[in-house]
Amino acid sequence: MIEVQDLTKAYGPVTAVDHVSFSVQEGEILGFLGPNGAGKTTTMRILTGYLPATSGTARIAGFDVTSDSLAARRHLGYLPEVPPLYPDMSVEGYLDFVLRIKNVPPDKRRSRVADAMEKTNLSDKGPELIKRLSRGYKQRVGLAQALVHDPLVIFLDEPTVGLDPKQIIEVRHLIKNLAGTHTIILSTHILPEVSMTCDRVVIINKGKIAAIDTPQNLTTERKGAQRIFIEAQAPEKPLQELLVQISGAAVEIHPARTSGRVTATMEAAAGKDIRSLVAAKIVEKGWSLFELRGVSLSLEDIFLQLTTDDAEHAEASNEPEKTK
Amino acid sequence: MMRSLYAIYRKEMGHYFVSPVAYVVVAMFLFVSAYFFNLYVREIVEQSFGMPADFDAPAQVLRAFLGLLALLSLFLMPMVTMGLFAEERKRGTMELLMTSPIREIDIVLGKFLASLTLFAVMLLPTALYVVYIWFHTDPAAPLRVVLAGYLGILLFGGCLLALGSFISSLTENQLIAGALTFGLFLLLWALDFGSRGAESALGQTVQYLSVIEHFEDFTRGIIDTSGLVYYLSFIVFFIFLTVRSIDSLRWRRA
């Protein structure tokens, strides 16, 4: 449904999007994840035909977004970061206007408006002027606008910003329901949102793709790294020395406020399970072990790992060419 | 595509209908024009005593009045055009329009035609004054002069609106657009004064380029091809520039 090949956008010397390639299957929900300024919005703007790419190609429903822009735009709905609303219009009037500029024939407009308002829980707000709505409702009108013409592809730029927790859940639910019949790309910097709604995640940092995978694969298989959490009654320094000796990697250690216990988390190399070794060594020293468990990396950890790793490398090595 | 153009046109008309700006502009226009109409009628009637019998009072009133309508438009049109594109950009709705299957030319023409409609609606009541002199003068001013005069003012207004929409497409700030448009309109006016009766080639050129100069022909009842061509090309030129300017938004850093 969406094919992106080597997409690049440069603003003068700044490269906002750098050779990005991915594809999205019909009915799939793809999440764009990245820190602010990573190039999520720019990528969306290129795909929706708002900005031209410097190089590379992108196709939506088979239409090139640059050379066949009008045809591509016919098949997409887009909710930008700031919902594009006309404050003087009523909700119904606005959605009707959107249908008109999306070239939806007159006989279908009324039912589409009603349908979109129902999906976004706006049914009782039809005649209300948009300027009188609260922020959460405005965001919903923006969402209704993106799906009112029943497009094949829907782009949502930070769709849950400004909503309260209950509304956030509703919106996520709505997005889930739209999948299957619509192909969705949504951008966010909220990690749980991605693991809850998306089939696949693209992690973008500094305009480059750092990883593309399903949320599950990203959290369980990432580099095969293993993390171990330990709680023990032990002197802080010797315990740290012992753990460093075993793992050969960094160990974080925190003395507990009460009870004199110490908690530690350590990274272990891939491939071997060192938990029994750690347990044996601690007991051997005569300390008491209270808890010992493996911790799978959360999406947060992976995200931080990917995005900060990148930054460190770039600064340390200062080489212009890097892997995608 | 006609349908998209109409969608934009309809939206703009709806906007004028609820917008206080449009009401204030129309009300000001009608109020001031009514006041001056009264003044002109009184003055010219007074003058006409002691004038030779072929002094054409109705035509004099009409010319003065049409000149006033032009001047008023010069002052008030910036308020209509300043928000045309600047507001869309500021609100982010430009992003909606530009990611919809609709061409830039439809957006620009839809907006231009809507503002021209507002201008025509604003002019319409002033025709009542003209009807008034029509019935109270003998012989009445020829219909040709009245129609030519109104065609002239409509074309003149079209030029202002086309230039105004172009300026509005250049900035996100309505006030800057308004001030700049107003300044340019004044410059057009000043160019006309400055080049009156000039004999040098430059003066003559400036005279030809003056928007107001051509308008005066119309108020004398002359529909001159050079005037028509001038106005229509002025409008087409600035609509073209507006389309290019909107299109270039895609290349600028948003």
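Residues numbered from 1 in each chain as written. Chains lettered and ligands numbered in written order. Predicted model: local features only at pLDDT ≥ 70, side-chain atom pairs only at ≥ 80, totals over all residues.

Caption draft 1: Broad picture of the overall build of chain B. Of regular secondary structure, chain B possesses 12 helices and zero strands. In sequence order, chain B lays out its α and β elements as α-α-α-α-α-α-α-α-α-α-α-α. Computed over C-alpha atoms, the radius of gyration of chain B comes to 20 Å, within 12% of the 18 Å expected from 2.2 N^0.38 for 254 residues, which places it in the range of a compact globule. When each of the 254 residues of chain B is scored for burial, the buried share is 39%. (Helix = DSSP H or I, 4+ residues; strand = E, 2+ residues; numbered from the N terminus. Rg over C-alpha atoms; globule rule 2.2 N^0.38 Å. Buried ≥ 20, exposed ≤ 12 C-beta atoms within 10 Å, placed from the backbone.)

Caption draft 2: Layout of the overall build of chain A. The helix and strand inventory of chain A stands at 11 helices and 14 strands. By the burial criterion, 38% of the 324 residues in chain A qualify as buried. In chain A, the share of contacts with a sequence separation of at least 24, taken over all contacts with a separation of at least 6, comes to 68%. (Contact = placed C-beta atoms within 7 Å.)

Caption draft 3: Geometry of the interface of chain A and chain B. Between chain A and chain B, the residue contacts involve 20 residues of the former and 22 residues of the latter. Mapped by element, the contributors of at least two residues to the side of chain A that touches chain B are helix H2 (69-74) and helix H3 (91-101) of chain A.

Caption draft 4: Local environment of the sheet that holds strand E7 (residues 153-157) of chain A. Residues and elements named next belong to chain A. Read from one edge of the open sheet, six strands run E6-E7-E8-E3-E9-E10, paired in mixed fashion. A single partner strand is all that each edge strand has here, and the edge strands are strand E6 (76-79) and strand E10 (208-213). Taking the axes of each pair of neighbouring strands and ignoring which way they run, one obtains an average angle of 15° across the sheet. Helix H5 (residues 135-147) rests against E6 and E7 of the sheet, and its axis sits at about 165° to E6. (Pairing = 2+ DSSP bridges. Axes fitted to C-alpha atoms, helices over the stretch in contact; angles between N-to-C directions.)

Caption draft 5: How the structure looks around the packing of helix H11 (residues 211-219) of chain B against helix H12 (residues 225-248) of chain B. All names here are of chain B. Across the interface, H11 lies against H12 with an axial gap of 10 Å and an inter-helix angle of 135°. Classified by the angle their axes make, H11 and H12 are oblique. Once H11 is placed against H12, the crossing between them reads as left-handed. Only Gly 227, Tyr 230 and Tyr 231 of H12 make contact with H11, whose side of the interface consists of His 214, Asp 217 and Phe 218. Looking at the contact of H11 with H12 residue by residue, the class counts come to three nonpolar, two polar and one charged. (Parallel < 35°, antiparallel > 145°, perpendicular 65-115°, else oblique. Left-handed = near helix turned anticlockwise from the far one by under 90°. Nonpolar A, V, L, I, M, F, W, Y, C, P; charged D, E, K, R; others polar.)

Caption draft 6: Looking closely at unusual backbone geometry. Residue and element names in this part refer to chain A. The residue Asn 103 is not glycine, and still its phi comes out positive at about 65°. Despite not being glycine, Asp 150 has its phi angle at roughly 55°, a positive value. Structurally, the position occupied by Asp 150 is in the loop between H5 and E7. A tally of 16 C-beta atoms within 10 Å means that Asp 150 is categorised as partly exposed.

Caption draft 7: Representation of the pairing of strand E9 (residues 200-205) of chain A within the structure. Residues and elements named next belong to chain A. The element E9 is extensively covered by neighbouring structure, given that five of its six residues are classed as buried. Relative to E9, strand E3 (residues 29-33) runs parallel, the two sharing four bridges. Across the sheet, Phe 32 pairs through a bridge with Val 202, a residue of E9. Sheet topology note: the E9/E10 ladder contains five bridges and is antiparallel.

Caption draft 8: Up close: the nonpolar core. Counting residues in hydrophobic clusters, the biggest one holds 129 residues, and the most contacted among them are Tyr 94, Leu 95, Ala 144 and Phe 155 of chain A together with Cys 159 and Ala 162 of chain B. In terms of residue count, helix H8 (residues 143-170) of chain B provides more of this core than any other element does, 14 residues in total. (Core = buried A, V, L, I, M, F, W, Y, C linked by C-beta atoms within 7 Å.)

Caption draft 9: Quick peek at the packing of H8 of chain B against H12 of chain B. Residues and elements named next belong to chain B. As a packed pair, H8 and H12 sit with axes 9 Å apart at the nearest point and diverge in direction by 15°. Of the possible angle classes, the one that applies to H8 and H12 is roughly parallel. The way H8 lies across H12 gives a crossing that is left-handed. Side by side, H8 and H12 meet where Leu 155, Gly 158, Cys 159, Ala 162, Leu 163, Ser 165, Phe 166, Ser 169 and Leu 170 of the first sit next to Tyr 231, Phe 234, Ile 235, Phe 238, Ile 239, Leu 241, Thr 242, Ser 245 and Ile 246 of the second. For the contact of H8 with H12, the per-class residue count stands at 13 nonpolar, five polar and no charged.

Caption draft 10: Representation of the pairing of E7 of chain A in the model. Residue and element names in this part refer to chain A. Counting buried positions along E7 gives five out of five residues, so the element sits mostly inside the fold. Across the two faces of E7 the burial is the same, with Val 153, Phe 155 and Asp 157 and Ile 154 and Leu 156 all buried. Looking at chain direction, E6 and E7 are connected through four bridges and run parallel. Within E7, the position partnered with Leu 76 by the bridge is Val 153. As paired strands, E7 and strand E8 (residues 183-188) are joined by five bridges and run parallel to one another. What sits directly across from Phe 155, in E8, is Ile 185. Running through helix H6 (residues 165-178), the crossover from E7 to the neighbouring parallel element E8 is right-handed. (Right-handed = clockwise from strand over helix to strand, strands pointing away.)

Caption draft 11: Focus on the confidence of the model for chain A. Considering every residue of chain A, the mean pLDDT works out to 82; 86% of them sit at 70 or more. Within the model, pLDDT remains below 50 along residues 310-324 of chain A, and this stretch shows six contacts once partners closer than five positions in the same chain are excluded. (pLDDT = per-residue confidence, 0-100.)

Caption draft 12: Region of interest: the sheet that holds strand E2 (residues 14-24) of chain A. Residues and elements named next belong to chain A. In spatial order, the strands read E2-E1-E4-E5; together these four strands make up an open sheet with antiparallel pairing. Because the sheet does not close on itself, it has two edges, and the strands there are E2 and strand E5 (63-64). Two elements, strand E4 (residues 55-60) and E5, share two bridges in a ladder whose sense is antiparallel. Paired with Ile 60 across the two strands is Phe 63, which belongs to E5.

Caption draft 13: How the structure looks around the environment of Ile 130 of chain A. Residue and element names in this part refer to chain A. Position of Ile 130 relative to the elements: it lies in the loop between helix H4 (106-119) and H5. The spacing of Ile 130 and Val 141 is 11 residues in sequence and 8.3 Å in space, taken between C-alpha atoms. The contacts of Ile 130, once residues within four sequence positions are left out, are Leu 85, Tyr 86, Pro 87, Met 89, Val 91, Tyr 94, Lys 138 and Val 141.

Caption draft 14: Geometry of the confidence of the model for chain B. Residues and elements named next belong to chain B. Scored by pLDDT, chain B comes out at a mean of 86, with 94% of its residues at no less than 70. When pLDDT is averaged over each helix and strand of chain B, the minimum, 71, is found for helix H10 (residues 201-209) and the maximum, 94, for helix H6 (residues 104-123). Among the prediction metrics, the complex's ipTM stands at 0.85, with pTM recorded as 0.81.

Caption draft 15: Representation of the environment of Glu 291 of chain A. Residues and elements named next belong to chain A. With respect to the helices and strands, the residue Glu 291 is situated in strand E14 (residues 288-295). With 10 C-beta atoms packed within 10 Å, Glu 291 lands in the exposed category. Sequence separation between Glu 291 and Glu 231 is 60 residues, and the spatial gap between their C-alpha atoms is 4.8 Å. Ignoring anything within four residues of it in the chain, the contact list for Glu 291 reads Phe 229, Ile 230 and Glu 231.

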